[in-house]
Amino acid sequence: MAQKTPEQITDDLLRPLSGISGRYALSAAFLAGIVVAALAAFMWQVYAGLGVSGLRTPVFWGFYITDFVFWIGLSHAGTLISAILRLANATWRRPVTRCAEVITVFALSIGAAFPVIHLGRPWLAFWLFPYPSERGIWPNIRSPLLWDFFAINTYLISSVTFLVLPIVPDMALVRDRAAGWKKRIYGALALGWTGTPKQWHRLETAMHIMAVAVIPVAVSVHSIVSWDFAMAPVPMWHSTIFAPYFVCGAIFSGIAALILAMALLRKFLHLEEYLLPIHFENLGKLLLVMSLLWFYFVFAERLTTWYGNGSGEMPVFWTTQHGSYSPLFWAMVFCNFLIPAPILAIKQLRTITGTAIASFTVVVGMWLERFLIIVPSLSHKYLTYSWGTYRPTWVEITITVGTFCAMALLYMIFSKLVPIISIWELKAGLQQAPNHARIIAEPDEVRAD
Amino acid sequence: MAHNWGMVIDLDRCTGCEACVVACHAENNISTVGQEQAARSRAKHWIRVERYYEGEFPDVKVKFQPVLCQQCDAAPCEPVCPTFASYHTSEGLNGQIYNRCIGTRYCANACPYNVRFFNFYNPVWDKPLNLQLNPDVSVRSVGVMEKCTFCVQRIKAGEIQAAAEKRELKDGEIKPACVQSCPTNAMVWGDLNDPESEASRLANSSRATKLLAEVGTRPKVTYLPRDSWHGTENA
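The shown structure was predicted, so the numbers you read here are calculated from the model rather than taken from an experiment.

## Side note on the overall build of chain A
- Summing up its helical and strand segments, chain A has 19 helices and zero strands in all.
- Counting only C-alpha atoms, chain A reaches 70 × 55 × 40 Å along its principal axes.
- The burial tally for chain A puts 49% of its 449 residues in the buried class.
- Counting only contacts in chain A whose residues sit at least 6 apart along the sequence, the fraction spanning at least 24 positions is 80%.

## Observations concerning the overall build of chain B
- The secondary structure content of chain B amounts to eight helices and nine strands.
- Compactness check: chain B gives a C-alpha radius of gyration of 18 Å against a globular reference of 18 Å for 235 residues, within 12% of the reference.
- Considering only C-alpha atoms, chain B reaches an extent of 55 × 50 × 35 Å along its principal axes.
- Looking at chain B as a whole, 42% of its 235 residues are labelled buried.
- Taking as baseline every contact in chain B between residues at least 6 positions apart, the subset at least 24 positions apart corresponds to 63%.

## Looking at the pairing of strand β1 (residues 5-10) of chain B
All names here are of chain B.
- Across the six residues that make up β1, a large majority, six, are buried.
- Residues Trp-5, Met-7 and Ile-9 of β1 are buried on one face, and the alternating residues Gly-6, Val-8 and Asp-10, pointing to the opposite face, are buried as well.
- Two strands pair when backbone bridges link them, and β1 and strand β8 (residues 187-191) are joined in this way by five bridges, in the antiparallel orientation. Along β8, the bridge assignment pairs Gly-6 with Gly-190.
- As defined by bridge partners, β1 adjoins strand β9 (residues 221-224) across four bridges and the pair is classed as parallel. Within β9, the position partnered with Ile-9 by the bridge is Tyr-223.

## A short note on the nonpolar core
- Counting 188 residues, the largest nonpolar core has Cys-99, Ile-103, Ile-255, Leu-258, Ile-259 and Leu-287 of chain A together with Met-187 of chain B as its most contacted members.
- Among the elements that make up this core, the one with the highest residue count is helix α10 (residues 242-268) of chain A (17 residues).
- Leave out the neighbours within four places in its chain, and Ile-259 of chain A touches Phe-280, Leu-283, Leu-287, Thr-355, Ala-356 and Ser-359 of chain A.

## Side note on the packing of helix α7 (residues 168-177) of chain A against helix α8 (residues 180-189) of chain A
Residues and elements named next belong to chain A.
- Taken N-terminus to C-terminus, the directions of α7 and α8 make an angle of 160°; their axes are 8 Å apart at the nearest point. The angle between α7 and α8 falls in the class roughly antiparallel. The element α7 and its partner α8 pack so that their crossing is left-handed. Counting all contacts with α7, which are made through Met-171, Val-174 and Arg-175, the residues of α8 involved are Lys-183, Tyr-186, Gly-187 and Leu-189.
- When the residues that make up the contact of α7 with α8 are grouped by side-chain class, the tally is four nonpolar, one polar and two charged.

## Comments concerning the sheet that holds β1 of chain B
Residues and elements named next belong to chain B.
- Read from one edge to the other, the open sheet built from three strands follows the order β8-β1-β9, with strand pairing classed as mixed. Looking along the sheet, the strands with just one partner apiece sit at the ends: β8 and β9. For this sheet the average axis-to-axis angle between neighbouring strands, irrespective of direction, equals 20°.

## Points about the confidence of the model for chain A
- Here chain A averages 91 in pLDDT, and 95% of its residues register 70 or above.
- Per-element mean pLDDT across chain A ranges from 46 in helix α19 (residues 443-448) of chain A up to 97 in helix α13 (residues 326-338) of chain A.

## Quick notes on the interface of chain A and chain B
- Across the boundary between the two partners, chain A contributes 34 residues, which contact 34 residues of chain B.
- Per-element accounting of the side of chain A that touches chain B gives the leading share, three residues, to helix α6 (residues 144-164) of chain A.
- Classifying every residue of the side of chain A that touches chain B gives 22 nonpolar, eight polar and four charged.

## Some points on the environment of Asp-191 of chain B
Residue and element names in this part refer to chain B.
- Mapped onto the elements of the fold, Asp-191 is located in strand β8.
- Take Asp-191: there are 22 C-beta atoms within 10 Å of it, and that puts it in the buried class.
- Sequence-distant contacts of Asp-191, defined by excluding residues within four places in its chain, comprise His-3, Asn-4, Trp-5 and Ser-197.

## Some details on the confidence of the model for chain B
- Confidence in the prediction of chain B, expressed as mean pLDDT, is 92, and 96% of residues score 70 or more.
- Reported for the predicted complex are a pTM of 0.93 and an ipTM of 0.91.

## Some thoughts on the pairing of strand β3 (residues 61-68) of chain B
All names here are of chain B.
- Note that strand β2 (residues 47-54) and β3 share eight bridges and pair antiparallel. The residue of β3 that forms the bridge with Tyr-53 is Val-62.
- Counted between consecutive antiparallel strands, the loop separating β2 from β3 contains six residues, among which Gly-55 sits at a positive phi close to 95°.

## Side note on helix α3 (residues 63-74) of chain A
Residues and elements named next belong to chain A.
- Here α3 spans 16 Å end to end across twelve residues, near enough to the 16 Å set by a 1.5 Å rise per residue.
- For α3, the full list of buried residues reads Phe-63, Tyr-64, Ile-65, Thr-66, Asp-67, Phe-68, Val-69, Phe-70, Trp-71, Ile-72, Gly-73 and Leu-74.
- Structurally, α3 contributes buried residues whose contacts are with α5 (97-117), α9 (197-230), α10, α15 (352-379) and α16 (394-417).

## Considerations on unusual backbone geometry
- Between Thr-57 of chain A and the following residue, Pro-58 of chain A, the backbone shows a cis peptide bond with an omega angle of -5°.
- Position of Pro-58 of chain A relative to the elements: it lies in the loop between α2 (22-48) and α3.
- For the peptide bond that leads from Phe-57 of chain B to Pro-58 of chain B, omega is 5°, which places it in the cis range.
- One can find Pro-58 of chain B in the loop between β2 and β3.
- For Cys-151 of chain B, which is not glycine, the phi dihedral falls at a positive 55°.
- Residue placement: Cys-151 of chain B occurs in the loop between β7 (145-147) and α5 (152-164).
- Residue Cys-151 of chain B is classed as buried on the basis of its C-beta count, with 27 C-beta atoms lying within 10 Å.

## Observations regarding the environment of Glu-313 of chain A
Residues and elements named next belong to chain A.
- By the element assignment, Glu-313 lies in helix α12 (residues 313-321).
- Counting along the chain gives 167 residues from Glu-313 to Leu-146, while the straight-line C-alpha distance between them is 27 Å.
- Sequence-distant contacts of Glu-313, defined by excluding residues within four places in its chain, comprise Pro-235, Met-236, Thr-305 and Gly-308.

Thresholds, definitions, all that
Residues numbered from 1 in each chain as written. Chains lettered and ligands numbered in written order. Predicted model: local features only at pLDDT ≥ 70, side-chain atom pairs only at ≥ 80, totals over all residues. Helix = DSSP H or I, 4+ residues; strand = E, 2+ residues; numbered from the N terminus. Buried ≥ 20, exposed ≤ 12 C-beta atoms within 10 Å, placed from the backbone. Contact = placed C-beta atoms within 7 Å. Rg over C-alpha atoms; globule rule 2.2 N^0.38 Å. Pairing = 2+ DSSP bridges. Core = buried A, V, L, I, M, F, W, Y, C linked by C-beta atoms within 7 Å. Axes fitted to C-alpha atoms, helices over the stretch in contact; angles between N-to-C directions. Parallel < 35°, antiparallel > 145°, perpendicular 65-115°, else oblique. Left-handed = near helix turned anticlockwise from the far one by under 90°. Nonpolar A, V, L, I, M, F, W, Y, C, P; charged D, E, K, R; others polar. pLDDT = per-residue confidence, 0-100. Expected span 1.5 Å × (residues − 1).

Next comes the structure, spelled out in structure tokens:
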């Protein structure tokens, strides 16, 4: 494969912005249709009452909170992975970072919608804002839900900043090549970027600050999400392991989502020469580490619970191990560990297809994990007479499926408006490290060095 | 000294007749959700009578255990509410302020006793039950939590009456609907800050236990366990 010149890189990566195919329009319309159906289901729920969901006494949280934790978890793909790779100065990161940062912004926006969707009176969600209201009370700062409110908003603001900053030079590039109304729009998005050394210096400094700042923010967000559960005296929720366990699970599902997104982008946007096997291999190794770490957390949690033999915990423990929730539990173990770990551990299987399959099972498994944390504990809480069950309705299923389609749709639209691979960072890689061009072109040869 | 309302339930006296459940529904405007919704576990019983069995027929021992909001002093439902809808009053009650509730249902998840209920739909009453609503109790809309209040409307009415007559409240003067309707006097309600009250006396007796004491919620409902249940096997 020939080495790419800067001009070729620009041409290749701006090509997706030049128009849409019939297939693209068809799939976008299909996804949009399901998103509209999900919106309609939500409006129906607001109109009729939360009774149209499958929630009941005592399982007051179900699919919606599962989706909430799942999407917030998925959002750790991006900003966190990208920030760590930037700080570690991993040169292979360059084509990967923007794909990841976009996942963060969209997954976080979708995740943040669920606490509102699940409310009994969603039209009053703004009562979580601390403002001097006519009601004369502030929000309750002792409530983990309020911590969530601040953590998620902080994370959303910082991850949007983290995504938008390195987009600016690419917007200027598009501006310079466009004409008419496109030139005006991209010109506005380029924020007056002319590429002076001063501007470059400021961008680099800002990116460095953001990369450092966003890591503790990301860790805090999923810790606080875990505390929504860990702060309540509910069997198998009230656990000190939850914060690191959730952060680990979040990064785990985030990497899986990133690999899946990259595999799809590579295929549909013809980025075969940019998203290379080595990227999938490196991310696959990270995914393997997280899979092992996830299994370690689950094992530690299960062992201590079983050994402790608490009267409140054991019914929840056994219903997931060999009771009514055990098919889901063992499916989760298969999806998160028994299937992906061998695929990712064996070098011959750690291909693009292999890592994509492993990532798909991890995404499914991590959704199941969140469900299994929430529902069995609520349905088997202390007094046996008050135990219950839970089954979702078409409303919850439609909204859940709709958010997956919304994610795909947003990603599709974004990839048509902004170069999904950072052009200037790739070119900077060419200039700063001549070796990088060889990594792009001949990764196997470089690895053999 | 402020009042500290509490309840004692003698399980040896409870026959499981559920008069307390009916009285509570009538007193507190608790909507019946209908057969279909009740089958989906959406029924709202601020007090329920739990039934526990032991043994095989005909050697069956049965225990009835009325469970209502335990009005905990360390209530897990209170700190988790983001809008202060679940709130500790100066008289030690777990207040539920419907107007503040946005329906996160976090309180219900945090409650170890599962005694908090959610309005999945707007309340409706089968005719002619719609004509017997208690004007002293607000009706709850869709999307908010509700639970036992210890009949706070009766407490307030009793306090106002005593203040108007410039006298102290007498023990037993105020009775929540469940206590008033119990045919076997299994339930006693009163001021735990008054050492002479019947409730205080029973709450401090050697039989006194708390439900799920190990969770550390410091409930203000005391149970006197069923002696025959734990007594000799040959009894």
